[in-house]
Amino acid sequence: MSYSLKDRKVLITGGSKGLGWAIAQKFAAQGSHIAINYASDTEKARTASDTLRQQYGVRTHICQGDMSDASDIQNVVASTTDALGGLDVIVSNTAWTRFSSFADLDALSDEEWEKCYRINVLGSLRLMKAAKKIFESNPDGGVFLYTASTAGASISGSSMAYSVTKAAGLQLMKCLAQTQGPYIRVNSVLPGLLLTDWEFIRDWEKATPLKSIPEVSHCADMYVSIAQNKSMTGQQIEIGMSAQSTLSKIGVSVLRANSHDLGNRLRLVTHPLMNKISNSQHLGD
Ligand SMILES: NC(=O)c1ccc[n+]([C@@H]2O[C@H](COP(=O)([O-])OP(=O)(O)OC[C@H]3O[C@@H](n4cnc5c(N)ncnc54)[C@H](OP(=O)(O)O)[C@@H]3O)[C@@H](O)[C@H]2O)c1
């Protein structure tokens, strides 16, 4: 029998926008009660929470908290458990990057490397530590899902720090899966390029094997599927192609209009020659 998601209590970090919001809707559609963590945009989180309650009749909770901060992470887990009456599933979905050239070793400061590590790696470890006892006291244990990226499994992505920390996050998930069973299942989803906030897309799909652009909703489906599968831990599922391989085929460069966080809009610029791309390349995954 699969692990039913009905009446499970699910915390999604970065759950108010983008992929996190798509995941929140998928779990709510299964009858899960949802806690949405966010950083600063309270109005967006409230709207998301209201939408879930109205559309799916589930209980919801919003919890502000910075995933780079240890005490915020503890508060988010504690307030979710109080508000929803327990905690069964965590989707660790928040990440940080700044779009920059891999070739320029000074592109990111030491502080930015450390910030990237704190959110993309340490944040997940801290979430697991905060939830471990709760998961282990549940009759059906707990589920931990990590949003990685194809950038963590190839030399690609928005910055070298992002690629390196997503790779580290994947390794952390394997370590946790190996050591935190039998009551806790730990798996990773590696999205390729997702069309969360695109301004302009041209010819993208031509380079993909399926001749289509990966849909955020299809990626979100995978979290539900993995959570339901009681026989799976320590696994990594890729959705869509790596942006690196896609870009190298169609010759495009992707830049965020404001490169300081993952939530800003993207701009797609065509380049006729790949050597131009390698000089200016900023990838979206
Ligand atoms: N988009 C892609 O192409 C792509 C590809 C591969 C992997 N991914 C991965 O998918 C995940 C989601 O990406 P996305 O593009 O959907 O992101 P997004 O749209 O930028 O998601 C933003 C969400 O994260 C929250 N957030 C930002 N910084 C936070 C922090 N320090 N602490 C807590 N919450 C924070 C935001 O809250 P506020 O709005 O309140 O700030 C919002 O809820 C990331 O792990 C990313 O690496 C994305």
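Up top is the structure.
The written sequence of each chain sets the order in which its residues are numbered from 1. Local features in this predicted model are restricted to residues whose pLDDT is 70 or higher, and side-chain atom pairs enter the listing and the counts only when it is 80 or higher, whereas totals over whole chains, interfaces and linings include all residues.

Colleague: Can you tell me about the pairing of strand S4 (residues 89–92), naming the residues and giving the values?
Modeller: Using C-beta atoms placed from the backbone, we call a residue buried if 20 or more other C-beta atoms fall within 10 Å of its own, exposed if 12 or fewer do, and partly exposed for counts in between. Helix and strand assignments follow DSSP, with helices taken as H or I runs no shorter than four residues and strands as E runs no shorter than two, numbered in order from the N terminus. Alternating positions in S4 separate into two faces, Val89 and Val91 on one and Ile90 and Ser92 on the other, with burial throughout. Note: two strands are recorded as paired if DSSP finds a minimum of 2 bridges between them. Looking at chain direction, strand S1 (residues 9–12) and S4 are connected through three bridges and run parallel. Pairing of leucine 11 across the sheet is with isoleucine 90, part of S4. As defined by bridge partners, S4 adjoins strand S5 (residues 142–147) across four bridges and the pair is classed as parallel. Note on S5: the bridge partner recorded for isoleucine 90 is phenylalanine 144.

Colleague: An account of helix H1 (residues 18–29) is needed here, citing residue identities and associated values.
Modeller: Its twelve residues place the ends of H1 17 Å apart at the C-alpha level, agreeing with the 16 Å of an ideal helix rising 1.5 Å per residue. Of all twelve residues in H1, nine are buried, a share of seventy percent or more. For H1, the set of buried residues is Leu19, Gly20, Trp21, Ala22, Ile23, Ala24, Lys26, Phe27 and Ala28. A positive backbone phi angle near 95° is found at glycine 31, which sits one or two residues after H1. What a helix is expected to span follows from its residue count: subtract one and scale by 1.5 Å.

Colleague: Tell me what's going on with the packing of helix H4 (residues 110–137) against helix H5 (residues 160–179), and back it up with residues and numbers.
Modeller: Lines fitted to C-alpha atoms define the axes here, with helix axes fitted over just the stretch in contact, and angles between the N-to-C directions of these axes take values from 0 to 180 degrees. Where H4 contacts H5, the two axes come as close as 9 Å, and the packing angle between them is 20°. When the axis of H4 is compared with that of H5, the two are roughly parallel. As for the relative orientation of H4 and H5, their crossing is right-handed in sense. Taken together, the residues of H5 that come into contact with H4 (itself represented by Glu112, Trp113, Cys116, Tyr117, Asn120, Val121, Ser124, Leu125 and Met128) are Ala161, Tyr162, Thr165, Lys166, Ala168, Gly169, Leu172 and Leu176. Only Asp, Glu, Lys and Arg are considered charged in this grouping, and only Ala, Val, Leu, Ile, Met, Phe, Trp, Tyr, Cys and Pro are considered nonpolar; every other residue, Gly among them, is considered polar. Split by residue class, the contact of H4 with H5 holds eleven nonpolar, four polar and two charged. Small angles under 35 degrees read as roughly parallel and large ones over 145 as roughly antiparallel, with 65 to 115 read as roughly perpendicular and the rest as oblique. Handedness of a crossing follows from how the near helix is turned relative to the far one, being left-handed for an anticlockwise turn of less than a right angle and right-handed for a clockwise one. The contact criterion used here is simple: two residues whose C-beta atoms, placed from the backbone, lie within 7 Å are in contact.

Colleague: Describe the packing of H1 against helix H6 (residues 216–228), with residues and values.
Modeller: In a packed pair of helices, the relevant descriptors are the angle between the two axes and the axis-to-axis distance. Two numbers describe how H1 lies on H6: the axes approach to 8 Å, and their chain directions differ by 55°. Of the possible angle classes, the one that applies to H1 and H6 is oblique. Judged by the sense of rotation from one axis to the other, the crossing of H1 with H6 is right-handed. Each of Leu19, Ala22, Ile23, Lys26 and Phe27 in H1 lies in contact with H6, whose residues at this interface are Val216, Ser217, Cys219, Ala220, Asp221, Tyr223 and Val224. Its residues assigned to classes, the contact of H1 with H6 comprises nine nonpolar, one polar and two charged.

Colleague: Any details on the nonpolar core? Residues and values, ideally.
Modeller: Ile23, Ala24, Ile34, Ile36 and Phe144 are the most contacted members of the largest nonpolar core, which has 64 residues in total. In terms of residue count, H4 provides more of this core than any other element does, eight residues in total. Residue contacts for alanine 24: discarding those within four places in its chain leaves Ile12, Gly15, Ile34, Ile36, Ala48 and Leu52. Structurally, a nonpolar core is described as a collection of buried Ala, Val, Leu, Ile, Met, Phe, Trp, Tyr and Cys residues joined by way of C-beta atoms within 7 Å.

Colleague: Any details on the sheet that holds S1? Residues and values, ideally.
Modeller: A sheet is described by the order of its strands in space; here seven strands give the open sequence S3-S2-S1-S4-S5-S6-S7, paired in parallel fashion. Each having just a single partner strand, strand S3 (60–64) and strand S7 (236–239) make up the two edges of the open sheet. Neighbour-to-neighbour, the strand axes of this sheet turn through a mean angle of 15°, independent of strand direction. Packed on one face of the sheet, H5 meets S5, strand S6 (184–191) and S7 and runs near 160° to S6.

Colleague: Explain unusual backbone geometry residue by residue, including any values.
Modeller: The general pattern is negative phi for most residues beyond glycine and trans for most peptide bonds. At the junction of glycine 181 and proline 182, the peptide bond is cis and its omega measures out at 0° in the coordinates. Tracing the backbone through its elements, the reader meets proline 182 in the loop between H5 and S6. The backbone phi angle of aspartate 7 is positive, close to 65°, even though this residue is not glycine. With respect to the helices, strands and loops of the structure, aspartate 7 is situated in the segment before S1. Judged by the 15 C-beta atoms lying within 10 Å of it, aspartate 7 falls in the partly exposed class.

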